[in-house]
Amino acid sequence: MKHFTLDSSMRASIGGAFYPSGYSMVMFPSAEDADRIGHRLIENGVSGDEVYLIDAETVLREISPTVSDSDNPLPSAGTDAATVRAYTKLAREGHTGLLVKTKDEAAANQMMELVRTVPYSIAQRYRTLVIEDL
């Protein structure tokens, strides 16, 4: 798994909120479950360069601030800011994130087969112009 560092490609072009198009973000109450699912994805053929384990502190430090001005001057037309706020709430409760490259529906389905084997809090797939509940 890769170390997560937010870069400009993971931000919306309008507003700048966290929007990693082509990826799915899943939050888990248990850091151990998140780590285990990340490793199982890699064992099942997902490249380790396409899986990021994101602890609560990193969510709060790097992802949460992306919505501070995203609703200025007008509220976001999409759900990107609300989704980041949901991640922030969960991170404050100690949840851990797993960001996984999901280039298509088949990849998202493969990921969710493993995710559903443990308790998870939220799962979102970022596609062009759409955030999909998984």
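Our subject is the structure listed above.
Note that residues are indexed from 1 along each chain, following the sequence as it is written. Per-residue local features are limited, in this predicted model, to residues with pLDDT of at least 70; the limit for side-chain atom pairs, both in listing and counting, is 80 or more; totals at the level of whole chains, interfaces and linings are taken over all residues. Derived side-chain values reflect all non-hydrogen atoms in the structure, with water molecules and hydrogen atoms excluded from consideration.

Q: Explanation requested: the pattern of salt bridges in the structure shown.
A: Two side chains of opposite charge can pair, provided their charged atoms sit close to one another. Salt bridge, as used here, is a side-chain nitrogen of Lys or Arg placed within 4 Å of a carboxyl oxygen of Asp or Glu. Going through the model one piece at a time under the given rule, you end up with three salt bridges. The salt bridge partner of Asp33 is Arg36, with a shortest N-O separation of 2.1 Å. Here the residue Asp33 and the residue Arg36 both occupy positions in helix α1 (residues 31–43), the gap between them amounting to three residues, near one helical turn. Judged by its relative accessible area of 42%, Arg36 is partly exposed. A salt bridge links Arg61 to Glu62; the shortest N-O distance between them is 3.8 Å. The helix and strand labels rest on DSSP assignments: H or I over at least four residues marks a helix, E over at least two residues marks a strand, and numbering proceeds from the N terminus. Note on exposure labels: buried denotes an accessible area under 20% of the residue type's maximum, exposed denotes more than 50%, and partly exposed covers the range between, all computed with a 1.4 Å probe on protein chains only.

Q: Which parts of the structure should I look at to understand the nonpolar core?
A: The tendency in soluble globular proteins is for nonpolar side chains to be buried as a group. If you look at the biggest cluster of nonpolar residues, it comprises 25 residues, and the most contacted ones within it are Phe4, Phe18, Met25, Ile54, Ile63, Tyr87 and Leu99. Broken down by secondary-structure element, the contributors of at least two residues to this core are β1 (23–28), β2 (51–54), α2 (56–63), α3 (80–92) and β4 (122–127). It is α3 that provides the largest number of residues to this core, a total of five residues. In what follows, residue pairs with any heavy atoms lying within 4.5 Å of each other are defined as contacts. Discounting residues that sit within four places of it in the chain, Ile54 has contacts with Phe4, Met25, Val59, Ile63, Thr96, Gly97 and Leu99. As used in this record, nonpolar core signifies buried Ala, Val, Leu, Ile, Met, Phe, Trp, Tyr and Cys residues forming a set joined through side-chain atoms within 4.5 Å.

Q: How should I be thinking about the pairing of β4 in this particular structure?
A: Every other side chain in a regular strand lies on the same face of the sheet, so the side chains alternate between the two faces. Within β4, five of the six residues are buried, which leaves the element mostly enclosed by the surrounding structure. Strand pairing is defined by DSSP finding a minimum of two bridges between the two strands. Pairing analysis gives four bridges linking β1 to β4, with the strands arranged antiparallel. Each residue of the ladder has a partner; that of Ser24, found in β4, is Arg125. Bridge analysis of β4 against strand β5 (residues 130–133) gives four bridges, and the strand direction is antiparallel.

Q: Help me out: how do you make sense of the sheet that holds strand β3 (residues 96–101) in this one?
A: Strand pairing in a sheet relies on backbone hydrogen bonds, with the paired strands running either antiparallel or parallel. The sheet built from five strands is open, its strands ordered β2-β3-β1-β4-β5 with antiparallel pairing. The sheet is open, and its two borders are formed by β2 and β5, each paired with just one other strand. Sheet twist, expressed as the mean angle between neighbouring strand axes with direction ignored, is 20°. Of the strand pairs in this sheet, β1 and β3 are connected by six bridges, and their pairing is antiparallel. In the sheet register, Met25 faces β3, and the bridge partner there is Leu99. In the packing of α3 onto the sheet, the strands contacted are β1, β4 and β5, and the crossing angle to β4 comes to about 150°. Axis angles are defined between N-to-C directions and span 0 to 180 degrees, where every axis is a line fitted to C-alpha atoms and, for a helix, only to the segment in contact.

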